[in-house]
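# Residue-level structure breakdown
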Amino acid sequence: MTTDRIEREIVINAPQDRVWAALTEAEHVAGWFGDAAEVDLRPGGKMVFGWKEFGDHHARVERVEPPGFFSYRWARPTSVEPAEGNSTLVEFTLAPEGTGTRLRVVETGFASLAASADERDTAVRENIEGWAAELGELQEYAQRHAA
C-alpha cells in the first residue's frame, strides 16, 4: 500500500533568511537541487528543476509566505505541467532555532497519482531517497552560500 506522505525535518546552521533564499531563488536552488532552476515566486508561478540525468521537472507555486512557508506542486513524470493525478504537493516550513533554522519538508499526494500501485510505490521510494540526499545538499549549501 502506497504511503501518501514523506516528512523530513532538519536543523540548518544558517539564518532563516539564508535558508529561505536557498529554497526560493533560482540561482540558489540550482546550487543544491539539480543542475538548473527557474522560479516565478508567486502563487500560480511556474518552476522548473533540471537534472542532467533526470531531465526537467515542472512545478507550480501554491503558497508563498516569506520567510516561513513555501509550497509547490510538482509533476511526475518529467516535462509535463502539474495537474490532478500527476503531481505531489511539497511544503517547506521554516522556523528560527537558536542561530539556525529548523526546516520541515512534507510531500503528499502519492496515493492520488494516476499510476499503478507499483509505480506509486516507486515514486515514494525514489522521493524518500531523493529528499534524504537533497536536504543534505541544501544543508551544506545554505551553511556556505546564499545571503
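First, a word on scope: everything that follows refers to the structure included in this document. (Residues numbered from 1 in each chain as written. Predicted model: local features only at pLDDT ≥ 70, side-chain atom pairs only at ≥ 80, totals over all residues. Heavy atoms only, no water.)

### Side note on the sheet that holds strand E1 (residues 5-12)
- Read across the sheet, 7 strands follow the order E1-E7-E6-E5-E4-E3-E2 without closing on themselves; strand pairing throughout is antiparallel. The strands lining the two open edges of the sheet, one partner per strand, are E1 and strand E2 (36-39). Here the average twist between neighbouring strands, direction ignored, is 20°.
- Pairing of strand E6 (residues 87-97) with strand E7 (residues 100-108), which is carried by 9 bridges, proceeds in the antiparallel orientation. Bridging from a neighbouring strand, Ala95 pairs with Arg102 of E7. (Pairing = 2+ DSSP bridges. Helix = DSSP H or I, 4+ residues; strand = E, 2+ residues; numbered from the N terminus. Axes fitted to C-alpha atoms, helices over the stretch in contact; angles between N-to-C directions.)

### Notes on the environment of Arg60
- Mapped onto the fold, Arg60 is located in strand E4 (residues 55-65).
- Excluding its chain neighbours within four sequence positions, the residues that come into contact with Arg60 are Gly44, Gly45, Tyr72, Arg73 and Pro82.
- A distance of 3.1 Å separates a polar side-chain atom of Arg60 from the backbone oxygen of Pro82. (Contact = heavy atoms within 4.5 Å. Polar contact = N/O pair within 3.5 Å; in protein donor to acceptor, adjacent residues only side chain to side chain.)

### Examining the packing of aromatic side chains
- All chains considered together, the criterion is met by 15 aromatic pairs.
- When the centroid spacing of 4.9 Å and the interplanar angle of 75° are considered together, the rings of Phe33 and Trp51 count as edge-to-face. Separated by 18 residues along the polypeptide, Phe33 in the loop between helix H2 (26-29) and E2 and Trp51 in strand E3 (residues 46-51) bring together distant segments of the chain.
- According to the relative accessible area criterion, Phe33 is buried, its value standing at 3%.
- Owing to a relative accessible area of 12%, Trp51 belongs among the buried residues under this scheme.
- Aromatic side chains Tyr72 and Phe92 sit 5.9 Å apart centroid to centroid with 40° between the ring planes, which places their arrangement in the tilted category. In this pair, Tyr72 sits in strand E5 (residues 69-75) while Phe92 sits in strand E6, placing the two residues 20 residues apart along the sequence. (Phe/Tyr/Trp six-rings, centres within 6.5 Å; stacked < 30°, edge-to-face > 60°. Buried < 20%, exposed > 50% of the residue type's maximum accessible area, 1.4 Å probe, protein only.)

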